[in-house]
Amino acid sequence: ILMQTSNFLYLNRRGVRWTASVVLLWMYCLTVSNPSSAVEPPGKIPDAQLFSYISKDPLPPGTIPWQLLRQVKLVEGKQKGAKAQMMLPEFSPELKALDKKDVKIYGFVLPLSTSQKQSHFLISPLPSHCPFCVDQGPDSMIEVVAKNPVAYSPWEPIVISGKFELVNDQYLFYRLTGGEAVKN
């Protein structure tokens, strides 16, 4: 695996693959070896981190708090037409009451394209520029389909209104259709 040429040691391709495999296996073992040390269930980031940006300012009037959107449990079940069991959301009564209602959400745009204006994006309580905030679960993101493209800044949160939908999927829990940016 190790080869020496002109006083330099280097790994050949087989050695690189082997080393990468060992490192990935080691990282996997670290993540599953002690599940009791986890503070939050898988897919959930700690509330302190989740609300570290949004909770600094009071929420704009009439917006849904992100704490309410986290009131969802994952239960084992089958999706319509699926052959295998999967983890699906079980929504709280408060969330079920919001289904198909017009709501306002306050958060940061996570763009799904490279343009400055977005008509299809995600909104989250965490900004996209946070390098330590990438492990958000589906309870802390909402898919937004906007009527008109929305200008955004990765540094500033926005308020967006639209029809809120509960989505019975293991990867996406919420959708906002007919979204429109609300002027503060």
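Our structure's up above, just so we're on the same page.
Before going into details, it helps to say that this report is about the structure given with it. (Residues numbered from 1 in each chain as written. Predicted model: local features only at pLDDT ≥ 70, side-chain atom pairs only at ≥ 80, totals over all residues. Heavy atoms only, no water.)

Take the overall build of the chain next. If you tally the helices and strands in the chain, you get four helices and nine strands. For the chain, the succession of helices and strands along the chain, N to C, is β-β-α-α-α-β-β-α-β-β-β-β-β. Per-residue burial for the chain yields a buried fraction of 35% across its 184 residues. Pairs at least 24 apart in sequence give 58% of the contacts found in the chain among residues at least 6 apart. If you sum the accessible surface of the chain, you get close to 11,900 Å²; carbon and sulfur atoms cover 60% of it. (Helix = DSSP H or I, 4+ residues; strand = E, 2+ residues; numbered from the N terminus. Buried < 20%, exposed > 50% of the residue type's maximum accessible area, 1.4 Å probe, protein only. Contact = heavy atoms within 4.5 Å. Areas by Shrake-Rupley, 256 points an atom, 1.4 Å probe, with all protein chains shown as cover.)

A few words now on the pairing of strand 7 (residues 142-151). Here strand 6 (residues 117-124) pairs with strand 7 via six bridges, running antiparallel. Opposite leucine 122, over in strand 7, you have glutamate 143 as the bridge partner. Note: strand 7 against strand 9 (residues 174-182), four bridges, orientation parallel. Across the sheet, residue glutamate 143 finds its bridge partner in strand 9, namely arginine 175. (Pairing = 2+ DSSP bridges.)

Enumeration according to the criterion identifies six salt bridges in this entry. When the shortest N-O distance is used, the salt bridge between glutamate 90 and lysine 73 registers 3.5 Å. Taken together, the residues glutamate 90 in strand 4 (residues 86-91) and lysine 73 in strand 3 (residues 72-77) connect sequence positions 17 residues apart. Accessibility expressed as a relative area gives 36% for glutamate 90, which makes it partly exposed. Its salt-bridge partner being aspartate 99, residue lysine 100 comes within 3.8 Å of it at the nearest N-O pair. (Salt bridge = Lys/Arg side-chain N within 4 Å of Asp/Glu carboxyl O.)

Turning our attention to the layout of surface pockets. Remark: the empty space left among the atoms is shown by a probe the size of a water molecule rolled over them. Put simply, the largest pocket is a space of about 180 Å³. Along its surface, the largest pocket is lined by Asn148, Pro149, Val150, Ala151, Ile158, Val159, Glu180, Ala181, Val182 and Lys183. Looking at the lining of the largest pocket, the elements that each hand over two or more residues are strand 7, strand 8 (158-166) and strand 9. Partitioning the lining of the largest pocket into residue classes produces seven nonpolar, one polar and two charged. (1 Å grid on protein atoms, 1.4 Å probe; cavity = no way out; pocket = protein on both sides within 12 Å on 5 of 7 lines; lining within 4 Å. Points joined across faces, edges and corners; volume = space filled by probe spheres on them. Nonpolar A, V, L, I, M, F, W, Y, C, P; charged D, E, K, R; others polar.)

Here we come to the sheet that holds strand 8. Strands sit in the order 5-6-7-9-8 around a closed barrel of five strands; the barrel is mixed. Averaged over all adjacent pairs, the angle separating strand axes in this sheet is 45°, with direction ignored. (Axes fitted to C-alpha atoms, helices over the stretch in contact; angles between N-to-C directions.)

Taken as a whole and assessed by the stated rule, the structure comprises four aromatic pairs. With 6.0 Å between their ring centres and 50° between their planes, phenylalanine 91 and tyrosine 174 make a pair best called tilted. Of this pair, phenylalanine 91 sits in strand 4 while tyrosine 174 is found in strand 9, placing the two residues 83 residues apart along the sequence. In this pair, the class of phenylalanine 91 matches that of tyrosine 174, namely buried. Between phenylalanine 164 and tyrosine 174 the ring centres are 5.4 Å apart and the planes differ by 25°, which places this aromatic pair in the stacked class. Of this pair, phenylalanine 164 sits in strand 8 while tyrosine 174 sits in strand 9, and the two are ten residues apart along the sequence. Like tyrosine 174, phenylalanine 164 is buried. (Phe/Tyr/Trp six-rings, centres within 6.5 Å; stacked < 30°, edge-to-face > 60°.)

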